[in-house]
Amino acid sequence: MTTVNDREATADRLLRSSLDHSYEPSIDIDWEAPLVEGAWGIPQHRVSLYGTELWEGLTEEQRRTLSVHEVASIARIGLWFEIILMQMLLRYAYDRDPRRSHIQYALTEIADECRHSIMFARMTERYGVPDYAPRGLTHELGRLFKTIGHGPAMFAGTLFVEEILDQLQREAMRDETVQPLTRAVNKIHVTEEARHVRYAREELIRIMPQVNGAQRALGRYLTSRIAFVVARNLVHSDVYASVGIDPKAGKAAALANPHHRETLRWSARKLVPFLREQGLVGGPSEVLWRKAHLV
C-alpha cells in the first residue's frame, strides 16, 4: 500500500530528487551513435505477433524490424498522452498557489514531460520509422480527455499510462539484446517517471475520500476509457506493413495473440489492484478493462 505523507513534504522531497536525478536527453543520449546490427527494438517476447503463425512466417531480420517499429509506436502513444498530461497539469496549476511546493513540483513534472516528448520524437526519427500517431477518433478522444479530465480521472489516467510504460521499459532497459538507444531512452524515462508516479498515487489517495458517488462513477468510467484506448493503440496497425503484413491482418492477429494479451495484463499487474482499492476499477466499466486484456 502506498504511504501518504504531507502534501508539501512529499513535494519537497520530489523537488530535491529532481535536482539530483534529472537528465537532459539532448546531451545525455548519444544520438549520433550507430545502431547495433542484430539488436531488437524491444525484447522479442514482447513483440505483439510473437508466437503467432504470422511470426513464424517472418525472417529473423523482419522480426527485429517489427520490434523497432513497435517500440516507436509505444513511444508515440506515450508522447501523445504526455502532451495531454502537460495540458491537464497546467490547468491544475493555474487554479492554485504557485508558492506551494506541491504546485512547483507539478510545474517541474511538466518540464520533465516536455523533455520526454522531445526524446521520444528523436528516438523515432533516429530509427527512421514513420510517425505512428493516433488517428481519427483516438486523437479526438485525447482532445476531449485533456479538457474534461480532472480529479480522479486525471491522476488515475496518468498512472495507467505511466505505469504500463514503466513496466515495459524497466524490462527492456536491462535486456542486452535490445538496442542501446532504446535502453538509454528507457533509463531516463523510468528514473524520472518514478517521481511522477509517486506524486499521482499520493494525490489520488488524498482526493478519493472527498469525492461523491457521481464523481467516483465518472472517474471510474473515464479511467477505464483511457485504459482501453491506450492499450488498443500501443501497437499501431501500420507497424505490420513494415514487414509486408496487411495492417488489418496484423492487428487482428495481435489482439487474438495469447502472448500479447499476457503482456498487457503483465504491464498492468501492479496498477489494477491499486486502482481497485481506490474504487476506480469495478462496476459496469470494468468490461473495458477486460476487453483491453488488462485484467
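Let me sum up the structure you'll find in this document. The shown structure was predicted, so the numbers you read here are calculated from the model rather than taken from an experiment.

## Structural notes on the side chain of N257
- Looking at where N257 falls in the secondary structure, it is placed in the loop between α10 (247–256) and α11 (258–267).
- Assessed through its relative accessible area of 2%, N257 is described here as buried.

## Here's the deal with the nonpolar core
- One finds F81, F160, L204, V230, L234, L275 and L294 to be the most contacted residues of the largest nonpolar core, which totals 86 residues.
- The leading source of residues in this core is helix α4 (residues 60–94), at 17 residues.
- Excluding its chain neighbours within four sequence positions, the residues that come into contact with V230 are I77, W80, F160, V161 and I164.

## Observations regarding the layout of surface pockets
- By volume, the largest pocket is sized at about 350 Å³.
- R96, H150, G151, P152 and I207 are, among the 22 residues lining the largest pocket, the residues nearest its centre.
- Mapped onto the lining of the largest pocket, the elements with two or more residues apiece are α4, α7 (152–173), α8 (180–207) and α9 (213–233).
- A class-by-class count of the residues in the lining of the largest pocket yields 11 nonpolar, five polar and six charged.

Criteria and cut-off values
Residues numbered from 1 in each chain as written. Predicted model: local features only at pLDDT ≥ 70, side-chain atom pairs only at ≥ 80, totals over all residues. Heavy atoms only, no water. Helix = DSSP H or I, 4+ residues; strand = E, 2+ residues; numbered from the N terminus. Buried < 20%, exposed > 50% of the residue type's maximum accessible area, 1.4 Å probe, protein only. Core = buried A, V, L, I, M, F, W, Y, C linked by side-chain atoms within 4.5 Å. Contact = heavy atoms within 4.5 Å. 1 Å grid on protein atoms, 1.4 Å probe; cavity = no way out; pocket = protein on both sides within 12 Å on 5 of 7 lines; lining within 4 Å. Points joined across faces, edges and corners; volume = space filled by probe spheres on them. Nonpolar A, V, L, I, M, F, W, Y, C, P; charged D, E, K, R; others polar.

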